[in-house]
Amino acid sequence: GQVIGEFSHTLMRYRISTDRWEDLNPYGRISLTRMMYDFRGQQVVQELPLESYNRDIDVDCSNAWRFDGKWAHCSVCADCGLKTGTRDKGSFLPEERGDTALVSFKDFTPGAVDDTVAMFGGFR
């Protein structure tokens, strides 16, 4: 959104129940590490591009409490998986935009509620 003299990358949500704006502090992807085996059967831990993320393979090993199925590699490679964090930790999030808009919607049909909904956008 826009603040005085600059554009901000803060993602906000308006809560109707409390009549307040809430900073969502979104998390994004930082890095992706995957354990693989080469053609000789040697273990290779490799960092991959973030676009290679597969939720069935790249599980969060820090939350593993058993080591079978898709968590089997976690006993060998505890640092494998997708690392997430906020923008200040270097995560991959959309850039701030300058074409932010405020759009209002209202139902003009007879008998409709007299409320107007305002939609404020900042990320695509």
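Computed from a predicted structure; not experimentally measured.

Residues Met 12, Tyr 14, Ile 16 and Trp 21 make up a contiguous nonpolar surface patch of roughly 460 Å² in combined accessible area. Relative to the assigned elements, Trp 21 resides in strand 4 (residues 20-23).

Before going further, it helps to examine the state of the cysteines. Going through the model one piece at a time under the given rule, you end up with 2 disulfides. Note that Cys 61 is cross-linked by a disulfide to Cys 74, the S-S spacing being 2.1 Å. The S-S bond linking Cys 61 to Cys 74 shows a torsion near -70 degrees; that makes this disulfide left-handed. Here the residue Cys 61 occupies a position in the loop between strand 6 (43-48) and strand 7 (81-85), and Cys 74 occupies one in the loop between strand 6 and strand 7, the gap between them amounting to 13 residues. Judged by relative accessible area, Cys 61 falls into the buried class, the value being 8%. The connectivity of the disulfide bonds within the protein chain can be written as 1-2, 3-4, using the sequence rank of each bonded cysteine.

Looking at the secondary structure, you find Thr 86 in the loop between strand 7 and strand 8 (102-106). Each C-alpha atom, one on Thr 86 and one on Asn 25, is 6.9 Å from the other, the two residues being 61 residues apart in sequence.

Another point: the nonpolar core. Counting 7 residues, the largest nonpolar core is built from Met 35, Val 59, Cys 61, Ala 64, Cys 74, Cys 77 and Cys 80. If we skip the residues at most four places from it in the chain, Cys 80 touches Thr 33, Arg 34, Met 35, Val 45, Val 59, Cys 61 and His 73.

What the 3 strands build is an open sheet, ordered 6-5-7; its pairing is antiparallel. Each edge of the sheet is formed by a strand with only one pairing partner; in this case those strands are strand 6 and strand 7. Sheet twist, expressed as the average angle between the axes of neighbouring strands with direction ignored, equals 20 degrees. In this structure, strand 5 (residues 28-37) lies alongside strand 7, joined through 5 bridges in antiparallel fashion. From the neighbouring strand, Gly 28 faces strand 7, where its bridge partner is Gly 85.

Calculation criteria
- Residues numbered from 1 in each chain as written.
- Predicted model: local features only at pLDDT ≥ 70, side-chain atom pairs only at ≥ 80, totals over all residues.
- Heavy atoms only, no water.
- Patch = residues over 30% accessible without salt bridge, like charges linked within 9 Å, V, L, I, M, F, W, Y side chains within 5 Å.
- Areas by Shrake-Rupley, 256 points an atom, 1.4 Å probe, with all protein chains shown as cover.
- Salt bridge = Lys/Arg side-chain N within 4 Å of Asp/Glu carboxyl O.
- Helix = DSSP H or I, 4+ residues; strand = E, 2+ residues; numbered from the N terminus.
- Disulfide = S-S within 2.5 Å.
- Buried < 20%, exposed > 50% of the residue type's maximum accessible area, 1.4 Å probe, protein only.
- Core = buried A, V, L, I, M, F, W, Y, C linked by side-chain atoms within 4.5 Å.
- Contact = heavy atoms within 4.5 Å.
- Pairing = 2+ DSSP bridges.
- Axes fitted to C-alpha atoms, helices over the stretch in contact; angles between N-to-C directions.

Read these as geometric descriptors, not functional statements.
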